[in-house]
Structure formats: C-alpha cells, structure tokens
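# Structural features, examined
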Amino acid sequence: QLQASGGGLVQAGGSLRLSCAASGRTFSRYDMGWFRQAPGKEREFVAAISWSGGSTYYADSVKGRFTISRDNAKNTVSLQMNSLKPEDTAVYYCAARYSGSYYDHKSYNYWGQGTQVTVSS
C-alpha cells in the first residue's frame, strides 16, 4: 500500500528525492514519516509530516538538509535530501501513523518496502 522510490547512488554533497506513493487506502488523514536503517543498526527516525502538512519534524542529523512534503491530492509524500553525506547511506522507508509519537517507529501502522540510498565519499 506504500511504495517508496527514488533511491540510488550519489556522491557526497549531492541530492536525491524520495517519493512514497500510497494506494489501496487514502492516507490523507494519516501522519507520514520516513525512517532509515543502515546495516547493523536500528531503524531510526528521519522526518515526519502531519496529515495536513502543517507540521513537520526532523531528526537533528538531517535538519537543514532534508525536507519532507506531501500532496494529499496525489496521495504522495516526498523527502528531498540535499548535501548528502556518507552517513546517510541506508535503506529508507516511508510509513503512516494515526496516533502516537512521530519519532517512534512503533507508532506507525503501515510501511513501504524501502528504497536504498548510497552516498559515496
């Protein structure tokens, strides 16, 4: 129901734009988030956006470099990633939540399959 895309290989300092398309359910009333997981590490919060788009939340590590946005008419959420660093390398997942903490992956009810982002130094 959630399909993430847009990952790839990029050099440090470059940019990528991830997209998450929702189908089979209207996610316009769900808050949406992006998480990432690097090999051997826990899944970590990256960014989230409220259902209306009026509030956004970011991990300190990406603040100022990443921007989350959504288009409820198209049932999509995007993550614009600029000034990428090698430590941003991970599988990125989009997810939807109805309640609970924006920052806790356990609050999210629906998950996409993930898209690989690799940043070379």
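Bear in mind the structure is a predicted one, so any value in this text is a computation, not a measurement. (Residues numbered from 1 in each chain as written. Predicted model: local features only at pLDDT ≥ 70, side-chain atom pairs only at ≥ 80, totals over all residues. Heavy atoms only, no water.)

## Re the sheet that holds strand β1 (residues 2-5)
- The four strands are arranged β1-β3-β8-β7 in an open sheet whose pairing can be described as antiparallel. Of all the strands in the sheet, the pair left with one neighbour each is β1 and β7 (66-71). On average, each strand axis in the sheet is inclined to that of its neighbour by 15 degrees, with strand direction left out of account.
- Here strand β3 (residues 16-22) runs beside strand β8 (residues 76-81); their pairing, made up of six bridges, is antiparallel. For R17, the partnering residue across the bridge sits in β8 and is Q80. (Pairing = 2+ DSSP bridges. Helix = DSSP H or I, 4+ residues; strand = E, 2+ residues; numbered from the N terminus. Axes fitted to C-alpha atoms, helices over the stretch in contact; angles between N-to-C directions.)

## With respect to empty space enclosed by the protein
- Evaluated as defined, the whole model comprises one cavity of 30 Å³ or more.
- In this structure, the largest cavity spans a volume of roughly 50 Å³.
- What lines the largest cavity is L2, C20, A22, F27, M32, R70, D71, N72, N75, T76 and V77.
- Of all the elements in the fold, those that place two or more residues in the lining of the largest cavity are β3, β7 and β8.
- Here the residues of the lining of the largest cavity sort into six nonpolar, three polar and two charged. (1 Å grid on protein atoms, 1.4 Å probe; cavity = no way out; pocket = protein on both sides within 12 Å on 5 of 7 lines; lining within 4 Å. Points joined across faces, edges and corners; volume = space filled by probe spheres on them. Nonpolar A, V, L, I, M, F, W, Y, C, P; charged D, E, K, R; others polar.)

## Side note on the state of the cysteines
- This model, assessed by the stated rule, comprises one disulfide.
- Paired by a disulfide, C20 and C94 hold their sulfur atoms 2.1 Å apart. One disulfide, between C20 and C94, carries an S-S torsion of 60 degrees and so falls in the right-handed class. One end of the pair, C20, is in strand β3; the other, C94, is in strand β9 (residues 90-97), with 74 residues separating them in the sequence. (Disulfide = S-S within 2.5 Å.)

## Concerning the environment of A21
- Here A21 lies in strand β3.
- Measuring from C-alpha to C-alpha, the distance between A21 and V77 comes to 6.7 Å, with 56 residues separating the pair along the chain.

## Some thoughts on the side chain of D88
- By secondary structure assignment, the location of D88 is in the loop between β8 and β9.
- Residue classification places D88 among the buried residues on the basis of a relative accessible area of 1%.
- Only 2.9 Å separates the side chain of D88 from the side chain of R36, close enough to count as a polar contact.
- With residues near it in sequence (within four places) discarded, D88 still touches R36, R65, F66, S83, V117 and V119. (Buried < 20%, exposed > 50% of the residue type's maximum accessible area, 1.4 Å probe, protein only. Polar contact = N/O pair within 3.5 Å; in protein donor to acceptor, adjacent residues only side chain to side chain. Contact = heavy atoms within 4.5 Å.)

## Observations concerning unusual backbone geometry
- Phi is positive for N75, which is not a glycine, with a value near 55 degrees.
- Note on placement: N75 falls in the loop between β7 and β8.
- With phi around 50 degrees, S83 is a residue other than glycine that occupies positive phi space.
- With respect to the helices and strands, the residue S83 is situated in the loop between β8 and β9.
- Accessibility expressed as a relative area gives 40% for S83, which makes it partly exposed.

## Some words on the layout of surface pockets
- Considering only enclosed or pocket space, the largest pocket measures out at about 150 Å³ in volume.
- Lining the largest pocket are R36, Q37, A38, K41, E42, E44, E87, D88, T89 and A90.
- For the lining of the largest pocket, the per-class residue count stands at two nonpolar, two polar and six charged.

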